[in-house]
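Residue-level structural notes
The primary structure of each chain is shown beneath.
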Amino acid sequence: MNRDLRFTALKKTPFHSRTSLASRTNKYYNWNGFTVPTEYSTTELEYTAARNGTSVMDLTPMCKYMINGSDANKFVDYLVTRDLSQMEDNTVAYIIWCNEDGKVMDDGTIFKFSNTKFMLCCAVKIYNWLHDSAEGFDVSFEDATDTTAALAIQGPTSCSTLKNYGADDLELLKPFGMKQYNINGYDVLISRTGFTGDLGYELWTDPANAENMWDSIMEAGKELKIRPFGMHALEMTRIEAGFIQTNTDFMAAEDSLRPVRMRSPYEIGMGWLVHLNKESYFVGKRALKKEKETGNSERCLVGLDIDGDKPAVGSVIYNEKKEDIGIVTAAMWSPTMKRNVALASLKRPYGIKIKENIFAEIYHPEELEYKKIWAKCKVVKRQFFSPERRNKVPADLYE
Amino acid sequence: MSDNYDVIVIGAGHNGLVCANILAKKNRKVLICEARENCGGLVEESITNFVPQIPLSVSSSLGGLPVKYKAKSTIALSESGQHIRLVGNQHIDHKVISGFSSKDADRYVEFHDKMSSFSKALGSFMMASPPRVMNNTFSDYFKLFKLGMNVRMLGKKKFNEFARMIGLNIADELEDNFENTLLQGLIAHDAVLGSNLGPRSPGSLINLLYRMATHDNSIFGGIYEIDGGSKAFVDTLLDISNKNKVEIKTSSSVKRCITENDKAIGVELHSGEKIYAKKIISNADPRSTYFCLLGTENLDTDVKRRIKHHRSKGKVAKLSLSLNKQPEFINCDKNDLESRMVIAPSIDYIEEAFNPSKFDKLSMEPILEMKLKNSDQSNPVLDIQVQYASYGAQEGWDKIKDNYVDAVIKLIGKYAPDIQSCIETKTIVTPDDIEKNFYVSGGHWHHGEIQIDQLFMLRPIPGASQYRTHLDGLYMCGAGTHPGGGLTGIPGKNAAQAILEDA
């Protein structure tokens, strides 16, 4: 029968039996070929859990690549713009990588086990890119996307939840650190990383352990306001945290049809990840060096604090002469900050040298009519939400 | 760190020598590092047969190049003895072809005129450095505009015809025009010579136009033999080098480029010796230049991809037969034996020879271009270009070499029955041998296919045209650059110009 079907069904993650049970709304979407919930009950409730308790998200669809070989450390340093030569074992680093024109292809995290073993986590598939880049390096790759189950456990009580689950001394793990555990007979890698800008962890394990892990964590967090959360709630938390998302806040270089849509790291606020003084060459270095020297970056990605309380979703940004100077890529009313915030891609010098007299034209839907709002914006730091507990060691514990 | 030299040229092939001398004449202190014991690269008796004439623009920038050429006519051998002899002169050729078919004779003149006007339109473009369109400079656009104008100036009818023919295969065009299969085979042979194409492969027609542009805009004219052979040519270049005080280090193979702040500042030899210079020029093929000299760790992924996809599998082997006497070719007089002799009896024959090469296999009935060398001092030698002798043949060259040579000799036996008894020694140089002995990856004459995606501003790869590489201070001057291989010296001259422009 199967071969009569025109399309192959989306894959189910190892957590599907549990996520589908937890889903009241049956709202799913396609993430990298997997079906995962957009929301379980209501986005607001899930968001609140993430900010006040523990939230659980199925991360399995993230692309995960194992990089092995005697040149693995040299290779990752060549692949990404950041200088990783001093990176310590059992740590994680946030990275971006570029093509030859110095345009960003994607961002992600790299996990270092040793000089000969790494794991790369990202949104866009890059198996081919890895192979083509590897010419001249002694490395091999394994696509571990389907063979690793991943769960994000985020929120102020997440450390306590995981300690109840069996992760001893987890509160001592530093941000961007990682530690190997054996819990309930399975290896579980726990890293202090996340996409919510809060205290949080990510767990990586064998798919066979997925259901058991989910159940045990739900049990462990029962008194700590644990709740699964979906993509929509994650979107809210990541905007508050000022994290960027590929193909939302900027177009991945390999995905954009129009060359003018490609962005360099300097144009999406990622200049701090470009280490031009890195001794070895990395992909895009020549182009980025030139861009830095000539200062011909055209755009910038900034945070906006917008007057009023109507989210500026998709708004065009203007200067005082009503000239179009950019666009909002993500926007929300932040319930935690009580601020109307947005990420916006602006044409320089706006956002860099000119931070005043910037306006958003907001079309706010009101029962089949749009209310047009001309709202004043302030250029601010992109990290709207960054609580102290996020980086605290030892991490806060609750009972 | 002091620069010992202004320029180091890697490889003393003819383009490297031309480039070095032009720079030396402009008072640059030049060193050439050559991996082999001898200079001249592929300009060697064991490789070269017939050549085009060095263009005036090249010889004049060298201050004259005293090389004598002998024009060669062409003879397409037929088993029946009904050979076609062409000299590249319209009137004479028309008369010869009339002997076979008066229709073909008229058509040939028309065909030749058409092709000739197209190759002339390409011609000016062939000599100069190609434009770099990504640069957005006026002069680059102007060059492109000029090429467009050259073609457009042919008139609307011819322009349409040019557009029709540019991607066409040579077989279709020949079958549309001619009825004589031997004539079809002969022209198709010249269209695919040195390439990885069969007569029915798309793009084989532009290959012929390309060849014509360096051969006096003629199909069978512009084919020469160097007086005194390849050695005389190389010796002349070496004399000039001597006069211009170009230093040449032979048996000095370069391991890699030394870089500082992402700029080439010198070379390191395999012996460990380091030599520094302001500019480095590679006469090596693009793959060696990028993967060995520049180093894979210094390349962007996109560039690695382009170099990996760069097509440079050689398809021509050279077989040299030393003879104890001159063989009797059926129905050939002394004049015929001095000509360029081609065995490619029909388009289908060539296509059959080509077919196995698609799978890196060998046809035992290849196509041949032969030159009989007679000299008073020594035995006659029959030099044969054998195509399609696949690079990295699946059968394994070590195993099949002898059988292959025998097959070629058997084939020649059909046209010269006594050939077997005349042979004293046989030497074959396969593309694999060219790669090993001449350091040309893929063993390709042109250091890379002459096809539309590897021509003009796309040659050798996008982003590296105009003789510059991705590394500051490292240039290319070999056959892998525009306009490609063949004994023209144009890449060498253009590269020298690029370097002088940048200085």
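**Some details on the overall build of chain B**
Each helix and strand in chain B was counted, giving 18 helices and 16 strands. Compactness check: chain B gives a C-alpha radius of gyration of 22 Å against a globular reference of 23 Å for 503 residues, within 12% of the reference. By principal-axis analysis of the C-alpha atoms, chain B measures approximately 70 × 55 × 45 Å. Every one of the 503 residues in chain B was classed for burial, and the buried ones make up 51%. Excluding contacts between residues fewer than 6 apart, the proportion of contacts in chain B whose partners are at least 24 apart in sequence is 72%.

**Some thoughts on the overall build of chain A**
The number of helices and strands found in chain A is 8 helices and 20 strands. Here the C-alpha atoms of chain A give a radius of gyration of 22 Å, agreeing with the 21 Å that 2.2 N^0.38 yields for 399 residues. Oriented by its inertia axes, the alpha-carbon framework of chain A measures out at about 65 × 55 × 55 Å. Classification of the 399 residues of chain A by burial places 46% in the buried group. Long-range pairs, those at least 24 residues apart, make up 68% of the contacts in chain A between residues at least 6 apart in sequence.

**Topic: the nonpolar core**
Residue and element names in this part refer to chain B. Judged by nonpolar contacts, the single largest core of 138 residues is most densely connected at Ile-10, Cys-19, Ala-188, Leu-209, Ile-281 and Ala-495. Inspection of this core shows a minimum of three residues originating in each of domain 1 (5-47 + 55-64 + 227-310 + 439-502) and domain 2 (107-217). Residues in contact with Cys-19, not counting those within four places in the same chain, are Val-9, Ile-281, Cys-477, Gly-492, Ala-495 and Ala-496.

**What about the sheet that holds strand 15 (residues 423-429) of chain B?**
All names here are of chain B. Pairing in this open sheet of 7 strands is mixed, and the strands run 5-4-12-13-14-11-15 from one edge to the other. Each edge of the open sheet is held by one strand with a lone partner, namely strand 5 (84-86) and strand 15. For this sheet, the mean inter-axis angle between neighbouring strands, taken without regard to orientation, is 20 degrees. The pairing of strand 11 (residues 316-323) with strand 15 spans 6 bridges and is classified as antiparallel. Among the inter-strand pairings, Ser-322 is bridged to a residue of strand 15, identified as Thr-425. Of the strands in this sheet, strand 11, strand 12 (340-343), strand 13 (367-373), strand 14 (381-387) and strand 15 are in contact with helix 15 (residues 397-413), which crosses strand 15 at around 120 degrees.

**Description of the interface of chain A and chain B**
Taken together, the 13 residues of chain A in the interface contact 12 residues of chain B. At 3 residues, helix 4 (residues 127-133) of chain A tops the list of elements feeding residues into the side of chain A that touches chain B.

**Quick look at the domain arrangement of chain B**
Residue and element names in this part refer to chain B. Parsing chain B into structural domains produces domain 1 (5-47 + 55-64 + 227-310 + 439-502) and domain 2 (107-217). If you average the C-alpha positions of domain 1 and of domain 2, the two centres end up 27 Å apart. Among the elements that line the side of domain 1 that touches domain 2, the one with the most residues is helix 18 (residues 490-502), at 4 residues.

**Looking at the pairing of strand 8 (residues 254-260) of chain B**
All names here are of chain B. Pairing between strand 8 and strand 9 (residues 263-269): 6 bridges, direction antiparallel. Residue pairing for strand 9: Thr-259 is matched across the bridge by Ala-264. Remark: 2 residues form the turn of the hairpin made by strand 8 and strand 9, two consecutive strands paired antiparallel; Asn-261 in that turn has positive phi of roughly 50 degrees.

**A few points about unusual backbone geometry**
Each neighbour pair has its own omega, and for Val-393 of chain A with Pro-394 of chain A the value is -5 degrees, a cis peptide bond. Relative to the assigned elements, Pro-394 of chain A resides in the segment after strand 20 (369-380). Going from Gln-387 of chain B to Tyr-388 of chain B, the amide bond is cis rather than trans, its omega being -5 degrees. Its location among the elements puts Tyr-388 of chain B in the loop between strand 14 and helix 15. At Asn-32 of chain A, a residue that is not glycine, the phi angle is positive and equals roughly 55 degrees. Structurally, Asn-32 of chain A is set in the loop between strand 2 (27-31) and strand 3 (34-39).

**A few points about the domain arrangement of chain A**
It is common to give the size of an interface as the accessible area that goes away when the parts come together. Residues and elements named next belong to chain A. In terms of domains, chain A is made up of domain 1 (9-62 + 146-241) and domain 2 (298-381). For the side of domain 1 that touches domain 2, the secondary structure elements donating two or more residues are helix 2 (43-52) and helix 7 (231-241). With 3 residues, helix 7 is the single largest residue contributor to the side of domain 1 that touches domain 2. Across the side of domain 1 that touches domain 2, the residue classes break down as 3 nonpolar, no polar and 2 charged.

**What to know about the environment of Ile-187 of chain B**
Residue and element names in this part refer to chain B. Relative to the helices and strands, Ile-187 resides in helix 8 (residues 181-192). Note on Ile-187: 26 C-beta atoms within 10 Å, which makes it buried. For Ile-187 and Glu-175, which are 12 residues apart along the polypeptide, the C-alpha to C-alpha distance reads 11 Å. Beyond its immediate chain neighbours, meaning those up to four positions away, Ile-187 contacts Leu-174 and Ile-219.

**Re the packing of helix 2 of chain A against helix 7 of chain A**
All names here are of chain A. Running from N to C, helix 2 and helix 7 cross one another at 50 degrees; their axes reach a closest spacing of 8 Å. With respect to each other, helix 2 and helix 7 are oriented oblique. The chirality of how helix 2 crosses helix 7 is right-handed. Here Thr-43, Glu-46, Tyr-47 and Ala-50 of helix 2 lie close against helix 7, whose contacting residues are His-232, Ala-233, Met-236 and Thr-237.

**Quick notes on the pairing of strand 19 (residues 358-366) of chain A**
Residue and element names in this part refer to chain A. Bridging between strand 16 (residues 316-318) and strand 19 involves 3 bridges; their strand directions are antiparallel. By the bridge assignment for strand 19, Ile-317 is matched with Ala-360. Summarising the sheet, strand 19 and strand 20 pair through 9 bridges and their orientation is antiparallel. The residue bridging Pro-365 from the neighbouring strand is Tyr-370, located in strand 20.

**Focus on the sheet that holds strand 12 (residues 186-191) of chain A**
Residues and elements named next belong to chain A. If you walk across this open sheet you meet the 6 strands as 11-12-13-10-4-14, and the pairing is mixed. Strand pairing shows two members of the sheet lacking a second neighbour, strand 11 (178-183) and strand 14 (226-228), which therefore form its edges. Strand-to-strand, the axes of this sheet are offset by a mean angle of 25 degrees, without reference to chain direction. Here helix 2 sits on the sheet in contact with strand 4 (54-58), strand 10 (149-154) and strand 14, set at roughly 115 degrees to strand 4.

**With respect to the environment of Met-231 of chain A**
Residues and elements named next belong to chain A. If you trace the backbone, Met-231 turns up in helix 7. Measuring from C-alpha to C-alpha, the distance between Met-231 and Tyr-40 comes to 9.6 Å, with 191 residues separating the pair along the chain. Discounting chain neighbours no more than four positions away, the residues touching Met-231 are Tyr-29 and Thr-38.

**Let's talk about the packing of helix 5 (residues 158-165) of chain A against helix 6 (residues 210-220) of chain A**
All names here are of chain A. Remark: helix 5 packs on helix 6, axes separated minimally by 8 Å, with the N-to-C direction vectors making an angle of 120 degrees. Read as a crossing pair, helix 5 and helix 6 show a hand that is right-handed. Here Thr-161, Asn-164 and Tyr-165 of helix 5 come into contact with helix 6, specifically with Ser-216, Ile-217 and Ala-220. Its residues assigned to classes, the contact of helix 5 with helix 6 comprises 3 nonpolar, 3 polar and no charged.

So, how was this worked out
- Once a new chain begins, its residue numbering starts again from 1 and follows that chain's sequence as written.
- All chains are assigned letters beginning at A, and all ligands numbers beginning at 1, according to the order in which they are written.
- pLDDT decides what is reported in this predicted model: residues at 70 or higher carry local features, side-chain atom pairs at 80 or more are listed and counted, and totals for whole chains, interfaces and linings draw on all residues regardless.
- Only DSSP runs of H or I reaching four residues or more are called helices, and only runs of E reaching two or more are called strands; each is numbered from the N terminus.
- Both definitions apply: the radius of gyration is a C-alpha atom measure, and the globule rule equals 2.2 Å times residues to the power 0.38.
- Buried, partly exposed and exposed are defined by the number of other C-beta atoms within 10 Å of a residue's own C-beta, namely 20 or more, between the two limits, and 12 or fewer respectively, with C-beta atoms placed from the backbone.
- Two residues form a contact once the distance between their C-beta atoms, set from the backbone, is within 7 Å.
- Only buried residues count toward a nonpolar core: Ala, Val, Leu, Ile, Met, Phe, Trp, Tyr and Cys, linked into one set through C-beta atoms within 7 Å.
- Boundaries between domains were set according to an automatic or database domain assignment.
- Whether two strands pair depends on DSSP finding at least two bridges between them.
- Interaxial angles span 0 to 180 degrees and are taken between N-to-C directions of axes, which are lines fitted to C-alpha atoms, for helices over the stretch in contact.
- Residues are sorted three ways: Asp, Glu, Lys and Arg are charged, Ala, Val, Leu, Ile, Met, Phe, Trp, Tyr, Cys and Pro are nonpolar, and all the rest, Gly among them, are polar.
- Angles below 35 degrees are treated as roughly parallel, those above 145 as roughly antiparallel, those between 65 and 115 as roughly perpendicular, and all remaining angles as oblique.
- Crossings are classed by handedness, with left-handed meaning an anticlockwise turn of the near helix from the far one by less than a right angle and right-handed meaning a clockwise turn.

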